[in-house]
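Topology and contacts: notes
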There are 8 protein chains.
Amino acid sequence: MDTRELLENIKNGTISIEEGERILRRQPFEDLGYAKLDTHRKMRSGFPEVIFCSGKADPFLVEIFGRLLEEEGEAFGTRASEHQYELLREKFPQVQYDTVSRIIKVEKPGKKRIGRIAVCTAGTADIPVAEEASQTAEYFGSNVDRIYDVGVAGIHRLLAHLDVVQEANCIVAVAGMEGALASVLGGLVDKPVIAVPTSVGYGASMGGLSALLTMINSCANGIAVVNIDNGYGAGYIATQINRMAGGSGE
Amino acid sequence: MDTRELLENIKNGTISIEEGERILRRQPFEDLGYAKLDTHRKMRSGFPEVIFCSGKADPFLVEIFGRLLEEEGEAFGTRASEHQYELLREKFPQVQYDTVSRIIKVEKPGKKRIGRIAVCTAGTADIPVAEEASQTAEYFGSNVDRIYDVGVAGIHRLLAHLDVVQEANCIVAVAGMEGALASVLGGLVDKPVIAVPTSVGYGASMGGLSALLTMINSCANGIAVVNIDNGYGAGYIATQINRMAGGSGE
Amino acid sequence: MDTRELLENIKNGTISIEEGERILRRQPFEDLGYAKLDTHRKMRSGFPEVIFCSGKADPFLVEIFGRLLEEEGEAFGTRASEHQYELLREKFPQVQYDTVSRIIKVEKPGKKRIGRIAVCTAGTADIPVAEEASQTAEYFGSNVDRIYDVGVAGIHRLLAHLDVVQEANCIVAVAGMEGALASVLGGLVDKPVIAVPTSVGYGASMGGLSALLTMINSCANGIAVVNIDNGYGAGYIATQINRMAGGSGE
Amino acid sequence: MDTRELLENIKNGTISIEEGERILRRQPFEDLGYAKLDTHRKMRSGFPEVIFCSGKADPFLVEIFGRLLEEEGEAFGTRASEHQYELLREKFPQVQYDTVSRIIKVEKPGKKRIGRIAVCTAGTADIPVAEEASQTAEYFGSNVDRIYDVGVAGIHRLLAHLDVVQEANCIVAVAGMEGALASVLGGLVDKPVIAVPTSVGYGASMGGLSALLTMINSCANGIAVVNIDNGYGAGYIATQINRMAGGSGE
Amino acid sequence: MDTRELLENIKNGTISIEEGERILRRQPFEDLGYAKLDTHRKMRSGFPEVIFCSGKADPFLVEIFGRLLEEEGEAFGTRASEHQYELLREKFPQVQYDTVSRIIKVEKPGKKRIGRIAVCTAGTADIPVAEEASQTAEYFGSNVDRIYDVGVAGIHRLLAHLDVVQEANCIVAVAGMEGALASVLGGLVDKPVIAVPTSVGYGASMGGLSALLTMINSCANGIAVVNIDNGYGAGYIATQINRMAGGSGE
Amino acid sequence: MDTRELLENIKNGTISIEEGERILRRQPFEDLGYAKLDTHRKMRSGFPEVIFCSGKADPFLVEIFGRLLEEEGEAFGTRASEHQYELLREKFPQVQYDTVSRIIKVEKPGKKRIGRIAVCTAGTADIPVAEEASQTAEYFGSNVDRIYDVGVAGIHRLLAHLDVVQEANCIVAVAGMEGALASVLGGLVDKPVIAVPTSVGYGASMGGLSALLTMINSCANGIAVVNIDNGYGAGYIATQINRMAGGSGE
Amino acid sequence: MDTRELLENIKNGTISIEEGERILRRQPFEDLGYAKLDTHRKMRSGFPEVIFCSGKADPFLVEIFGRLLEEEGEAFGTRASEHQYELLREKFPQVQYDTVSRIIKVEKPGKKRIGRIAVCTAGTADIPVAEEASQTAEYFGSNVDRIYDVGVAGIHRLLAHLDVVQEANCIVAVAGMEGALASVLGGLVDKPVIAVPTSVGYGASMGGLSALLTMINSCANGIAVVNIDNGYGAGYIATQINRMAGGSGE
Amino acid sequence: MDTRELLENIKNGTISIEEGERILRRQPFEDLGYAKLDTHRKMRSGFPEVIFCSGKADPFLVEIFGRLLEEEGEAFGTRASEHQYELLREKFPQVQYDTVSRIIKVEKPGKKRIGRIAVCTAGTADIPVAEEASQTAEYFGSNVDRIYDVGVAGIHRLLAHLDVVQEANCIVAVAGMEGALASVLGGLVDKPVIAVPTSVGYGASMGGLSALLTMINSCANGIAVVNIDNGYGAGYIATQINRMAGGSGE
């Protein structure tokens, strides 16, 4: 029984006011159809459900991937292993797997992309995280410029691509080790910088915590930080920001 | 000598090509007028310079405040003490000081504000940081809705203001202690959530680090984090995002 | 307009079903009277609102204390300073202040207490936190046995009071430094032990974090931990547990 | 020689008073039969001994499992590996193993359960820990309601099951990543919430420490925390609390 | 009723065997006179009670100091403030206060000291902690050699006093900053080294934690560590060790 | 040329005084025969060289083990792997390997042991570290009493062995998880307690750091701490202390 | 188009001043030939590019190694695995691999070395990191003295080599566990000490963090620290320093 | 008796060879005149003793300052308070105090400076630490270029001074907050960069630890790090490096 039905029953006397009051108090959420609305909102907003594959049991992964594919006509999973790719390919031969980003997907052809996001990395070892961000943003409909290996230890490499960076609606800065790239980018652009610390490094990098602290403490304006190695999260919020600008991207 | 002068001198032969090449290589930045351009860019983009008052020596603060006031017609400082207010008021009697946010400013009358940012706090003790964020965003030209004391320990308080939150272009979530507010907000809205951990709490809150970790590890999408108590930083990036949406706000 | 009014208006046609559906979807919470219910629930359950005084501005503290006193006939604040006591005493001369626990209150006379909670401390320096726990539990209607200064460095002191401890429905273990008291208690009783690490100590006690870790890692069964110095929280949950047993306490 | 024998020997003069005094002073514990009493107390209280299988050597595990089975008629082990299951099944073919919770057991048929515990998880990855809690509580005689995947990033999922949660005598909140579930639950119920941080997460989750800190710092009342991934400990203390309420559960 | 009385009553039939058994089971500890024995043991062993003055309330400190003085004929307090000295001097004019070690005491004249403990410091700033150790050891009856300011940055200073160090029964190594002194001493002597990290330092010394870690990780044999700044604890255990050697010290 | 030769050459004029002075200043150590003296001292003091096997390359281990065996007539290695045992057994068939302590050795027959050390563990999982301590102490000539599985969660188990513990010259307390055993022991005995935190545990035990912190913060007197899992170090310093007492052990 | 071309085009009117100004503002870096200059600078300064092999994909490693070999006539990689050695040897049979330092290289014959760097280690387990430092410094043209296994637990071993250490232009101190070697060296020499903490150790060594903290907190003058296990970095900066002294080394 | 006397006595038979051997073994260091040599070495090398004033007792400071002034003709103290300045000025009216660097000194007139060190800061708040470094280096005889407020958030400011930076023999990079300045400098110069993290910042800067971690993890070559706020240490090692280059500085 959904809200409308309830109210109709109130009106026609099938349900008393006291009973209606009780129902609304006890189960305000499912009766209001929240879960369904949620699904609708996602589809409307262009953020379809995404699967975090790591650690998912085989049958569960196949089922959820299949259900999403059926409902949305496409499906997208992050942190997928080679094994999971083999598994899904058996049942969905059209599935695509990228060994760098570890993204597995079936994507609708001809999707339009808008705006422009610049995804920068400090080193080549940060590229897997950056690709997770880039491909997530692309799947969600953003144009992405990849500017990799422009770490601050050779600042001229970054400066050489300044125009591309400055034209983006949002910049994603992916860096491990000392993580200083975000600060430099924050000082060079007027747009929000989403900083992604990576677990790249050794010794006192402490699995990315040092880079995280660097980014959180940045003295530049317009920087906010997501979790270590969270390329997906950066691609998501960058897309939210990019959509606001609403440009066609080229 | 700025870039144009240099090129004119090259063209008219006052400066030889070799000499021009040398100048450009040695001092590419000031000759290109970077510092000045920077000021121009700031004025164009609506982000005038801001003063971090904490720890500034008295004469330095008076001088820099005065210079900004002269150049921009307004001036804005964060983390100002009562003493600094007394100091500035002597010379600039029109200065305004807010003891809650510790913001000190002279603001141009009649500035237009656009869009809409929702600033939420978990408790009343988070309000000083939230006010730093709110007033920063307002100074930079954003409309702000304040939704304070809606922490997750009484989730109905937040849900009661859901419509206001959902209409904002960007949400600022200010919370200390366990910092769970950001996650709940992230699950309720489609817009970017800028999370601000605060140093509110005691014991294992470790000066805000616990709240910071909570927010960084959030399982919700669309959340990015700034430094502990960094209301200014949140107001800045929220304004960047709000400007993209470009709405008039009413 | 509360839920009942809405449903009556639906029934009598003042509000259309479509409009009712819209209202319920947009503002499900305040219309459902959540905030009010919350207050009712608190009164029913015997957990009246409590004030965390630390950091509250003077006028705000006076106002909230007065409002609670008016509504509930009693009021209870934790972490109150001497200054706050002076402040409140001016307006509410009947207010009582305990310098050890820093609890400030006006309590209804003749309140009945039930059950039995044992509050143990490792040392004498832990007593302020223990008193916050004890007096909180008493205010909420529990009988409390205080067994102080029975730390594990002299285990016989604790063993000498074993019968009192074993008769309680819930034991609160308050300890700083190495915090081992909770483990020993957990091995000696059949009832839940609520462990409260305190910031007592120096050097590597790290403001109570060491005691917190000790307690969380306890190899004994039936132990759960609250925040450092959080006597109030321990008194609250101990009362929840004590009420379940429901005994009269003597 | 137990206490009774000693006293009889004192009375009939076989042992002098001085000798009796000496014996009591030197060996107060085994003479008092503590170890045996302990076993009796456990059987009376319904908390039979439980085996922490992880790291136990093969012959030791078989022996201790067999001995418990013989004495109690049932046996229960946590953190058991597949290998340990194979090992025990050879000798005790009736043994049951659950690959999710990694619990291995032989349980007496027809055990009665009382009361009601609600075990909630934030995500699906927290289920193994939650099952350890749930099955522990059930083995110890509690009824359990499982409410899984109701994390705060989609708060409506939790709210939809509010009535089940509110009817429990104790709630177990199992969550990794940011661990905010416990705070939200604490604000929605009147009963004690036992929070279990899990090691689910990556990056700055630091093996569950971030979730632990979130829960310890919770601003909600009535929350206490056990060790990371300690489902068993949560099931144990939740049962202690549930028994106090003493209800029949249905 | 103490143990002897109980047994006598058992023997003469005043108390039945069943009742005697019950009493012994319920109160095994105070009846066995543990607390009293404890006091006796302390006096016998030469470790009289010591007062940790820091944070003690004024009247409590005066009372406990007076009681100890009366019982033992001497009294010894650590971490005493100037204020506490003034306070005690009023009532006990014979009290002595050392502003460096912050030890306050009344000591019996003519106490004999035995053996030999060497107390070394890395720098002059470590001397207050070293003096707490030295004077504690002396009060407990050990001879002490003070070898101060022999840190590893000038290793020849330490080597110049090697013979004194090598003749001690126990060496106390007091060092802040990098705390390397303990390792060097451990390599130069055959006797146990008790390492005391101090909170001396700044920056990454983290209040002594860095020195603590250095000492705990020492690659030298025969080193064990006490808490940061815990001179008293080092003096205590060094005396325990020194007493074993039992030499006369000169 | 050793010191004696140098002095003889000085005396007989083969080396001039100036040259002798120069030699002593430049190479004071090898000329003074330090390295050799070191070996002598070790043999005299009964602490022969010991091999830390973990990570040693195969040929290096065989060579050093063989050299020690040849020089001392016995050899002792800690943290040896099964592989290293196989390797050494090929060449030295008399070698003995203990899979619990991971100690590998050839020991002279008929060595005399003196005094008495009590090695206690909190649980059974701490036994490998305890055996490293016990066997090290025995190899160095101490009698050892093993009192295992007497953790504070069942304090009666420890109290039942109190007489054995109290008769030792030094107590080694081995405990992981919350590590409270050392504090309880410290309160029960008059002799030095060497505390060994172990990496036993999970979750917030952080590889033994929590137990280390517990032990360092102990409120009991007479406790000093060695590194996590450092059974060897505890056996070494306990032997140093035991030797001072010099008793025959029975 | 490089700077010269641009200026020539300005002068001859092919490019307008306005256009020139725009180009210079937008692309100041590549036009200035930075990237090229960078390469030139490296060759001139004698620091050819070096490959961090760890984690490099196979084809990428082969390509970059080949390209460097072609351009420079030599190539040098750190942290190479056995597998990477096999891989490179197939294509470049002249490649040399050192299993201790994990350095892989082809080096030009007859390279001249200058000055003198002393590389010291505390233990034998630190040698791999020390060899990375030593061989890096040698590849970059420095003479290196290796002084290994001279840790502070046996300070005479270090003192015996004091003359070699004191003659170096720069000292590299490599140490894990407690890391005290750097402080002792800093007190013995007049030249800069580059300290390299290693991850050698266990327990509270925390992967080298303890050694890092020891070194950072050193009370000796003239010490600066690089990342844990960063032998390459130490060899690099030591060479920079050694080159300044400019001596021939023998 | 010094070494020469000893040898003379050996030669003329006043001291027997056996006795001489014993003396050398027992007191090898003071007899070799180490302490005196040390003083000589310092004077020769141009690093006179320096006083760390913070925490020095008043009479001790006056005495040591006076003694140094007498011996060296100049004296230099760091971390001096205003009070200490007043104190010293009474006795040594020629003393100079700089409130920014908190350096107090009497310096010989006409001292020559050599070479060139560039001291850079990220912000203005880092200047006190930078001045401690700069003035230390100057006191020790180095020329210093101050390049302040060139943090990475406005990278053009740094690039504008690139030529000055590149001409220095050693660069000191002083930065708090995220500390990225060192990495950028490391990528721009060929000379060693000594990085000084500062405690400037708030929130997650953790008193400079974040900046320290950033600098230690730097991906640039040629960077080594000193303790937080340790300007003196940076000035010292930078001077050591600068002296090697030996240039005249202009």
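Let me sum up the structure you'll find in this document. Here the structure is a predicted model, which is why all the values come from computation and not from measurement. (Residues numbered from 1 in each chain as written. Chains lettered and ligands numbered in written order. Predicted model: local features only at pLDDT ≥ 70, side-chain atom pairs only at ≥ 80, totals over all residues. Heavy atoms only, no water.)

A word on the relation of the copies chain H and chain G
- Once chain H has been moved 0.0 Å along the axis and rotated by 180°, it coincides with chain G to within an RMSD of 0.1 Å. What we have between these two chains is a two-fold relation.
- The fraction of interface residues of chain H whose copies in chain G are also interface residues reaches 100%, indicating that both copies meet through the same surface. (Least-squares fit on C-alpha atoms with pLDDT ≥ 70 in both. Contact = heavy atoms within 4.5 Å.)

A look at the sheet that holds strand E3 (residues 96-98) of chain C
Residue and element names in this part refer to chain C.
- Ordered by their spatial adjacency, 4 strands build an open sheet running E1-E2-E4-E3, and the pairing between neighbours is mixed. For this open sheet the edge positions go to strand E1 (51-52) and E3, each flanked by a neighbour on one side alone.
- Judged from the 3 bridges that link them, strand E2 (residues 75-78) and strand E4 (residues 103-106) form a sheet pairing that is antiparallel. Opposite glycine 77, over in E4, you have isoleucine 104 as the bridge partner.
- Each of E2, E3 and E4 is contacted by helix H6 (residues 127-139), which is oriented at about 15° to E4, the strand it contacts most. (Pairing = 2+ DSSP bridges. Helix = DSSP H or I, 4+ residues; strand = E, 2+ residues; numbered from the N terminus. Axes fitted to C-alpha atoms, helices over the stretch in contact; angles between N-to-C directions.)

Some points on the packing of helix H6 (residues 127-139) of chain E against helix H11 (residues 231-245) of chain E
All names here are of chain E.
- For the pair H6 and H11, interaxial distance at closest approach is 7 Å and the crossing angle is 35°. Remark: the crossing between H6 and H11 carries right-handed chirality. Contacts from Val129, Glu132, Ala133, Thr136 and Ala137 of H6 reach H11 at Gly231, Tyr232, Ala234, Gly235, Tyr236 and Thr239.
- Per-class residue counts for the contact of H6 with H11 are 6 nonpolar, 4 polar and 1 charged. (Left-handed = near helix turned anticlockwise from the far one by under 90°. Nonpolar A, V, L, I, M, F, W, Y, C, P; charged D, E, K, R; others polar.)

What to know about unusual backbone geometry
- One non-glycine residue, aspartate 229 of chain G, lies in positive phi territory at about 65°.
- With respect to the helices, strands and loops of the structure, aspartate 229 of chain G is situated in the loop between strand E9 (223-225) and helix H11 (231-245).
- A positive phi angle, near 45°, is found at methionine 206 of chain H, a position not held by glycine.
- Here methionine 206 of chain H shows up in the loop between strand E8 (193-197) and helix H10 (209-216).

Here's the deal with the interface of chain H and chain G
- Contact residues are listed per partner, giving 31 residues for chain H and 31 residues for chain G.
- Interface area, chain H with chain G, both sides summed: about 2700 Å², of which 59% is carbon and sulfur.
- When the area that chain H buries against chain G is broken down by residue, the three leading residues are Asp190, Ile216 and Met244 of chain H, summing to 25%.
- At the junction of chain H and chain G, the tally comes to 0 salt bridges. (Buried area = accessible area lost by both parts, 1.4 Å probe. Salt bridge = Lys/Arg side-chain N within 4 Å of Asp/Glu carboxyl O.)

What to know about the packing of H11 of chain E against helix H11 (residues 231-245) of chain F
- The interhelical angle for the contact between H11 of chain E and H11 of chain F, taken along N-to-C directions, is 40°, at an axis separation of 6 Å. Considering the angle they form, H11 of chain E stands oblique to H11 of chain F. Crossing geometry of H11 of chain E relative to H11 of chain F is assigned as left-handed. Contact with H11 of chain E, carried on its side by Ile241, Met244 and Ala245 of chain E, involves Ile241, Met244 and Ala245 of chain F of H11 of chain F and no other residues of that element.
- Looking at the contact of H11 of chain E with H11 of chain F residue by residue, the class counts come to 6 nonpolar, no polar and no charged. (Parallel < 35°, antiparallel > 145°, perpendicular 65-115°, else oblique.)

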